[in-house]
Amino acid sequence: MLAAIGTWVERRRSIRRRWQADARALADADMQNAYYEAQRRAARARVRNDRAAFYHWAKVAAEVARIAPLAGMDIDVVRAVVAEEQRHRP
């Protein structure tokens, strides 16, 4: 039982490290637009019905908001990004 819990904890840590690394990469590439890019990727995953990717990119956006004080976080821009992704449905 303890082994199963340990495996689960390590899997969760691995997932968390992945979205933290993606957030740092987006912030390093373009701090001002990192939050919007993460939201764009989350919207794209949502349109594709990719639940795991949607949750991942939503967490990346939250992490960008936490670590990048200069990142733009205007809700009107986020809405425009989501609308644009929905128009480009595959």
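Here is a short report on the structure shown in this document.

The rules we used
Residues numbered from 1 in each chain as written. Predicted model: local features only at pLDDT ≥ 70, side-chain atom pairs only at ≥ 80, totals over all residues. Heavy atoms only, no water. Helix = DSSP H or I, 4+ residues; strand = E, 2+ residues; numbered from the N terminus. Buried < 20%, exposed > 50% of the residue type's maximum accessible area, 1.4 Å probe, protein only. Contact = heavy atoms within 4.5 Å. Areas by Shrake-Rupley, 256 points an atom, 1.4 Å probe, with all protein chains shown as cover. Lys, Arg positive; Asp, Glu negative; His and termini not counted. Charge placed at Lys NZ, Arg CZ, Asp CG, Glu CD. Salt bridge = Lys/Arg side-chain N within 4 Å of Asp/Glu carboxyl O.

Turning our eyes to something else, we now look at the overall build of the chain. The helix and strand tally for the chain stands at four helices and zero strands. Listing each helix as α and each strand as β along the chain from the N terminus yields α-α-α-α. Projected onto its principal axes, the C-alpha positions of the chain cover 45 × 30 × 20 Å. Within the chain, buried positions represent 31% of all 90 residues. Partitioning the intrachain contacts of the chain with sequence separation of at least 6 by distance along the chain shows that 73% fall at a separation of at least 24. Put simply, the chain shows about 6300 Å² of open surface, and 53% of that area lies on carbon and sulfur atoms. The average position of the 18 basic charges and that of the 11 acidic charges among the side chains of the chain differ by 8 Å.

Moving on, we come to the pattern of salt bridges. Scanning the model with the defined rule gives nine salt bridges in all. Arginine 44 is paired through a salt bridge with glutamate 85; the nearest N and O atoms lie 3.1 Å apart. Of this pair, arginine 44 sits in helix H2 (residues 34-47) while glutamate 85 sits in helix H4 (residues 75-87), placing them 41 residues apart in sequence. The exposure class of arginine 44 is partly exposed, given its relative accessible area of 32%. Note that glutamate 63 and arginine 66 form a salt bridge whose closest N and O atoms lie 2.8 Å from each other. With a gap of three residues between them, glutamate 63 and arginine 66 both fall in helix H3 (residues 51-67), about one helical turn apart. One continuous salt-bridge network, built from bridges that share partners, spans Glu37, Arg40, Arg41, Arg44, Glu84 and Glu85.

Moving on: the environment of glycine 72. Along the polypeptide, glycine 72 turns up in the loop between H3 and H4. Overall, the relative accessible area of 10% leaves glycine 72 in the buried class. When the C-alpha positions of glycine 72 and asparagine 33 are compared, they lie 6.1 Å apart, and in sequence the two are 39 residues distant.

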